[in-house]
Amino acid sequence: MTGTVSAASGPSAAVEKGAAVTGLVPFGDAVSRYDPVIGLETHVELGTATKMFCGCPAVFGGDPNTHVCPVCLGLPGSLPVANRVAIEYTIRIGLALNCQIASWCRFARKNYFYPDMPKNFQISQYDEPLCVDGWLDVTIDDPGAEGGSRAIRVGIERVHLEEDTGKSLHVGGTTGRIHGADYSLVDYNRAGIPLVEIVTKPVDGTGELAPAAARAYVTELRDLLRSLEVSDVRMEEGSLRCDVNTSLSPRGSGVWGTRTETKNVNSLRSVERAVRHEIERQAAVLDSGERVVLQTRHFHEDTGTTTAGRGKEEAQDYRYFPEPDLLPIAPSSQWVDAIRAGLPELPAARRARLMGEWAVSAREFMDIRNAGAVDAVAATVAAGASAAEARKWWLNELVRRANEAGADVADLPISPAAVARVAELVKAGTLSDKLARQVIDGVLAGEGTPDEVVAARGLAVVSDEGALLTAVDAAIAANPDVAEKVRGGKIAAAGALVGAVMKATRGQADATRVRELILDRLRA
């Protein structure tokens, strides 16, 4: 069953003060006169088998309204039961973020009407969150800093546990939003999935680096959550989404400005763009003498701009009160210690270790990380390749092919073991770099393992000295003028003869060895 709501029942868009201000202040000009302050609220769907307060499967997709039951639909007489694994996952996140874990806390009802909230309230946490007062260190590029990078400690205000809402699909219109739609459909499959909200403290002092700092924080947080194995953190599927708060104040004033909250930003690039646009927009509003309004805003992927949503609620608007149908949470110190002992190597520690093992600089490691190839390189090294070989093939070849295909490098149909085998064949002299690229083509095309592709395509380097000498003699005989130049001391001219031999051997000769044979012949 799919629920239907009238488009007219949705919240009306907030009327923004300074609506006549449509221009933008150039970014450099804006940050030269205003100090930006950012804050991020990141929502993470936990990878539990079942929902937060019932036994329905917590999976992405499925036909609308098929992963539901009386509890997650909020039907009369149904009672919630907290998911222990979700609580454990939240504690894992809090510990990894250096938070204090509450010895006693409880859930609260957050009351508001929205069509995709079946109970008309959300079970969340308010003044008694499970995890508080932590931090996460991130590194951003800063050409003006020593070493070309800068470390920023982002304070964590709280990590609390709640349930996700359903999902509305607005049909008709041009924006995909409720305004202008003919009608809306509601899918409650997502309603009740365990959701962790990670709220930062205000991040100031970043200046022109504020957009990059926001992106770096979400990137680091995503990597940390993935290492904890508490979520698949797929932003494109909504399992990690970010609300981006931005404010400006006159530079040096020390007084923070009014913030806006750009809702549900779902890519790393968009997080950065949303902050940048809000800085440019708010600077234009302030320059005009208007004031920035406390409100939510929508980010538009196609234009990189934001538009006004609704007025931003305050805590009292939600009429929080303790959830009467759930017992408080009181994790014992023994349980918390056991969870802490089971934490994996976290991304920052792993980076430091790999940089030492691979003998790469912070800049070089950042290149690998930005390409999404850290795990692939590590697995290739574990399969027997050297760090230099693994980096060479993943960064120089496979990342390029992933970009051309519009895919993540980790999704390419070639395993780290196969890449290590290609590197081994090159090192042994069986393949040249050129032939190795053809082998990679074959593996990506599904033609088999590297050895099977070499055999099927006949790609091994020609190593028979007799065959090479025959090809060399034929090239010299066919190009007497070139041969004479080489004999006369113009060694660079030998390149033309090398090219002729490579053509005759279909590129399967070792060019270095061919050159040596040519020079030996012509010096004799």
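Just so you know, these numbers come straight off a predicted model, no measurement behind them.

Time to look at the packing of aromatic side chains. By convention here, two paired aromatic rings are described through the distance between centres and the angle between planes. Enumeration according to the criterion identifies five aromatic pairs in this entry. Where Phe53 meets Phe107, the ring centres are 5.5 Å apart and the plane angle is 80°; that geometry is what we call edge-to-face. One end of the pair, Phe53, is in the loop between β2 (34–45) and α2 (84–96); the other, Phe107, is in the loop between β3 (100–101) and β4 (108–111), and 54 residues separate them in sequence. You'll find Phe53 and Phe107 in the same group, each marked buried. A connected cluster of aromatic rings, assembled from ring pairs, spans Tyr112, Tyr126, Tyr318 and Tyr320. Seen from the ring of Phe121, Arg109 lies directly overhead, with NZ or CZ sitting 4.1 Å from the centre. Lying over the aromatic face of Trp135, Arg153 brings its terminal NZ or CZ to 3.6 Å of the ring centre.

Right, let's talk about the sheet that holds strand β5 (residues 121–124) for a bit. Spatially, β5-β4-β15 is the arrangement adopted by the three strands of the open sheet, whose pairing is antiparallel. The outermost strands of the open sheet, each flanked by one partner alone, are β5 and β15 (321–322). Of the pairings in the sheet, the one linking β4 to β5 comprises four bridges and is antiparallel in character. Residue pairing across strands places Ala108 opposite Ser124, the latter belonging to β5.

This paragraph deals with the packing of helix α3 (residues 210–228) against helix α4 (residues 268–287). Two numbers describe a pair of packed helices, the interaxial angle and the distance between the axes. Relative to each other, α3 and α4 sit at 155°, their axes nearing to 8 Å. By the angle between their axes, α3 is roughly antiparallel relative to α4. Crossing geometry of α3 relative to α4 is assigned as right-handed. Across the interface between the two elements, Ala210, Pro211, Ala212, Ala214, Arg215, Val218, Thr219 and Arg222 from α3 touch Leu268, Arg269, Val271, Glu272, Val275, Arg276 and Ile279 from α4. For the contact of α3 with α4, the per-class residue count stands at nine nonpolar, one polar and five charged.

Burial within strand β11 (residues 240–250) is extensive, with ten of its eleven residues counted as buried. The pairing of β2 with β11 spans eleven bridges and is antiparallel. Within the sheet, the bridge partner assigned to Gly39 lies in β11 and is Asn245.

Now for the pattern of salt bridges. Under the definition given, this model contains 41 salt bridges. Across the pair Glu397 and Arg400 runs a salt bridge, and its minimum N-O distance is 2.8 Å. In this pair, Glu397 and Arg400 are both assigned in helix α9 (residues 387–405), three residues apart and thus about one turn of the helix distant. Residue Arg400 is classed as partly exposed on the basis of its relative accessible area, which comes to 35%. Taken together, the shared-partner salt bridges connect Glu220, Arg222, Asp223, Arg226, Arg351 and Arg369 into one network.

Moving on, we get to helix α6 (residues 347–358). Taking 1.5 Å per residue, twelve residues should reach 16 Å; α6 reaches 16 Å between its end C-alpha atoms and fits that length. Among the structural elements, α3, α7 (362–370), α8 (374–382) and α9 are those in contact with the buried residues of α6. Positive phi appears at Ala359, one or two residues downstream of α6, with a value of about 55°.

Quick look at empty space enclosed by the protein now. The final tally for this structure, using the stated rule, is one cavity of 30 Å³ or more. By volume, the largest cavity amounts to about 30 Å³. Considering the residues around the largest cavity, the lining is formed by Ile38, Leu40, Val138, Ile152, Val154, Val203, Ala213 and Tyr217. Elements represented by at least two residues in the lining of the largest cavity include exactly β2, β7 (149–163) and α3. Residue classes in the lining of the largest cavity are distributed as eight nonpolar, no polar and no charged.

On to helix α10 (residues 416–427), then. Relative to the 16 Å expected for twelve residues at 1.5 Å per residue, α10 spans 16 Å between its end C-alpha atoms, a close match to the ideal helical length. Against the buried residues of α10 lie α8, α9, α11 (433–444) and α12 (450–457). Once α10 finishes, Gly429 follows within two positions and takes phi at roughly 85°, a positive value.

Criteria and cut-off values
- Residues numbered from 1 in each chain as written.
- Predicted model: local features only at pLDDT ≥ 70, side-chain atom pairs only at ≥ 80, totals over all residues.
- Heavy atoms only, no water.
- Phe/Tyr/Trp six-rings, centres within 6.5 Å; stacked < 30°, edge-to-face > 60°.
- Helix = DSSP H or I, 4+ residues; strand = E, 2+ residues; numbered from the N terminus.
- Buried < 20%, exposed > 50% of the residue type's maximum accessible area, 1.4 Å probe, protein only.
- Lys NZ or Arg CZ within 6 Å of the ring centre and 35° of its normal.
- Pairing = 2+ DSSP bridges.
- Axes fitted to C-alpha atoms, helices over the stretch in contact; angles between N-to-C directions.
- Parallel < 35°, antiparallel > 145°, perpendicular 65-115°, else oblique.
- Left-handed = near helix turned anticlockwise from the far one by under 90°.
- Contact = heavy atoms within 4.5 Å.
- Nonpolar A, V, L, I, M, F, W, Y, C, P; charged D, E, K, R; others polar.
- Salt bridge = Lys/Arg side-chain N within 4 Å of Asp/Glu carboxyl O.
- Expected span 1.5 Å × (residues − 1).
- 1 Å grid on protein atoms, 1.4 Å probe; cavity = no way out; pocket = protein on both sides within 12 Å on 5 of 7 lines; lining within 4 Å.
- Points joined across faces, edges and corners; volume = space filled by probe spheres on them.

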